[in-house]
Structures are given as C-alpha cells and as structure tokens.
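So the chains spell out like this:
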Amino acid sequence: MHTQPVSPPKTIALIGAGAVGLCLAAAFVRAGWQVVVCGARVRFSQIEETEGANTHTYPIRHAVTPADIGLCDAAILAVKSHQTQDVSAWLRAFNRASATILVAQNGLGQKERVADYAPQAHILPAIVYFNAQRSAPGKITLKRIGTQDLCVPEGAAAQYFADVLQTGNMRVRITADITTALWLKLLANITANPITTLTGRRTGVMRDPAIQATARQIMAEAVKVGQAEGAKLTAQHVEDILLWLQTIPAESITSMLQDRLAGRELEYKALTGYIVKAAEKHGIDVPLNHLILSLLSSIHPADS
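Note that the structure is a prediction, hence the values are computed from the model and not measured. (Residues numbered from 1 in each chain as written. Predicted model: local features only at pLDDT ≥ 70, side-chain atom pairs only at ≥ 80, totals over all residues. Heavy atoms only, no water.)

*Asks:* Sorry, what's going on with the pairing of strand E6 (residues 74–77) here?
*Replies:* In regular strands, side chains alternate between the two faces of the sheet. Neither face of E6 is left uncovered, since the one carrying Ala-74 and Ile-76 and the one carrying Ala-75 and Leu-77 both have all their residues buried. Bridge count between strand E1 (residues 11–15) and E6: 3 bridges; the pairing is parallel. Its bridge partner being in E6, Ala-13 is matched across the sheet by Ala-75. Sheet analysis places E6 next to strand E7 (residues 100–103), joined by 4 bridges and oriented parallel. Each bridged residue has a counterpart across the sheet, and for Leu-77 the counterpart in E7 is Val-103. (Buried < 20%, exposed > 50% of the residue type's maximum accessible area, 1.4 Å probe, protein only. Helix = DSSP H or I, 4+ residues; strand = E, 2+ residues; numbered from the N terminus. Pairing = 2+ DSSP bridges.)

*Asks:* Mind showing me how you'd approach helix H4 (residues 156–167) here?
*Replies:* In an α-helix, one full turn covers 3.6 residues, which means residues spaced three or four apart are oriented alike. Here H4 is 12 residues long and its end C-alpha atoms lie 17 Å apart, about the 16 Å a rise of 1.5 Å per residue gives. All of the buried residues in H4 are Ala-158, Phe-161, Ala-162, Val-164 and Leu-165. Down the axis of H4, the smallest arc covering the buried residues is 165°, so these residues share one side. Exposed side chains of H4 directed beyond 90 degrees from the buried face belong to Ala-156 and Thr-167. Phi turns positive, to about 75°, at Asn-169, one or two residues after H4. (Expected span 1.5 Å × (residues − 1). Arc of directions from axis to C-beta.)

*Asks:* I keep staring at the packing of helix H9 (residues 272–282) against helix H10 (residues 287–297) and nothing clicks. Help me out?
*Replies:* A pair of packed helices can be characterised by two numbers: the angle between their axes and the separation between those axes. As a packed pair, H9 and H10 sit with axes 9 Å apart at the nearest point and diverge in direction by 135°. Considering their axes alone, H9 and H10 lie oblique with respect to each other. Taken as a pair, H9 and H10 cross one another with a handedness that is left-handed. Contact residues: H9 offers Thr-272, Gly-273, Ile-275, Val-276 and Glu-280, while H10 offers Asn-289, His-290, Ile-292, Leu-293 and Leu-296. For the contact of H9 with H10, a count of residues per class yields 5 nonpolar, 4 polar and 1 charged. (Axes fitted to C-alpha atoms, helices over the stretch in contact; angles between N-to-C directions. Parallel < 35°, antiparallel > 145°, perpendicular 65-115°, else oblique. Left-handed = near helix turned anticlockwise from the far one by under 90°. Contact = heavy atoms within 4.5 Å. Nonpolar A, V, L, I, M, F, W, Y, C, P; charged D, E, K, R; others polar.)

By themselves, these are just geometric observations and shouldn't be taken as functional.
Rendered as structure tokens:
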C-alpha cells in the first residue's frame, strides 16, 4: 500500500508583531500555516489571543535576520505606515515575482510605499475593520466590529488569501472597487483616531452628539477630496460611517490613542496628512482637516 506524501505546511512571515499583525497571524495558524515573526524586539513563544470569554494560543517561531525566514513566499506587513522604511530589509527579502505581501496598514498609498523596497512582489492591500489591542508581546485581544474583518481587492491572489483567512475564522470581503473601500475606511480613521487621541478618550467618545457633529464636518471635507481622487463617495457614506463608529465597543482604544499613551510616533501622515496633501493637489479647501493635522503634528513621540 502506497501513501501519498504529506505536503509541509505553508509559512507566512509576520513583519510587525503588533495587535493587528498578531491577529492576522493567528488566523493563518488556525488555517494550518506556520508563522515566522520577523525581528521582534522582545521574543515571545506563542500568540495568546483573547476574544470574548475565550483565549487560545498559537505557536510561532522567530527570525533574527531575513536569512532565518527560510522557504516562504508570503508575508504580512503590519507596521505603521511611517515605519515601513524601518523594516525595508525584511521587505527586500520578498522582492521576487513569486512573493505576495499582504499589507495591513491604515491610510492610502500602500502599494507605492512597499514597492519602494519590493517592486517585484505582488502587493495586496488589506483593509482592517476589527479592533485589536496588545497588552504584552504576543498577547492580544480581538474585538470584531460589524459584519466583516477584512477587505481585499479582487484578483486571484486576493481570492487565495481570502480563502485561507476565512478558513482561519476571519470574515473577508472581496471588492472590485478597492479605491472607494480604502477611502471609506480612511473617513473613519481621520475621525476616530484623531478625536480619541486629542481628547484622550476611548471610542465611546464617538457617541457624543457634539463630537459627531465635528466628525461629520471632518468627513464632509474629505468626501470632496476622495471624489476628486476617483472614489465613489456620497454624503450618505458619512452618515453610515458615523453609525458604524457607534457600534465599536465604547471601551475600545484606537491605534493612534494607543500610540499616544505609549509615547510612540503617531500615524497621522498617511491619514489626515494624506487628505490635506491631496486637497492641495486638487485645490480643495479643508480647513478642519488642516487644524487636526496641525494639532497632531504638534504631539511629539515622548508626549503622553
């Protein structure tokens, strides 16, 4: 009796072992993949993920240098946009046509940023909707929001990774209009992230009527910019996002507020900064976004 050889499990590299990256990595492990964590400052033996009342652990291994990754044609990039250059050596390790880099970063311009270091790779932007918090290296809490966890652009590679992630219990949507999808997420990010960061309050602040009025004005300015950039945005999208923001658990902390509390550099250039820069290109007036940008840029990494 002859038995078929068993194929070894596929491997994906995690570049950026923060809350979002660890949640995505856990999904790949649940789907039967191996995860290698690239260059983490503090080593940890496993991912410990809590969702609701349930906590599960997932094995990982570490790579100190790109040479330690081994046979691997897929990577998750989950560092903040302004940290992309810091991990350029890891990205260059995937600069080949057979490689796919799943980019889980806020804002726009993911393909252009990553292509500076891995132009030959297939770069797949992924829009993240879930809320995640990291309490210690490798230890995360996952909170799902709405009906989807991720959104990716249509295509063969996207379908393949969407199937894997869905096997790993991530709810993935595939869209033919990734431009509009990215801008819709950006509208949420340029309100909830700056407002929580500047007020020092958790996402429950988005249920305050006065804050909602401000958020509506911020997004209304950005809608005009998004339309000029080719996104199919309407005033109704603003109202839909305001409602969606209110579904986020009130005790959740946005990624930008987490960075502010930890004294880290804030990721505003790819969010509000992108809006202001694109508005200038199209000659569109966005005074409230200018104000938000000036306030965020005055916060230095050591501030708390």
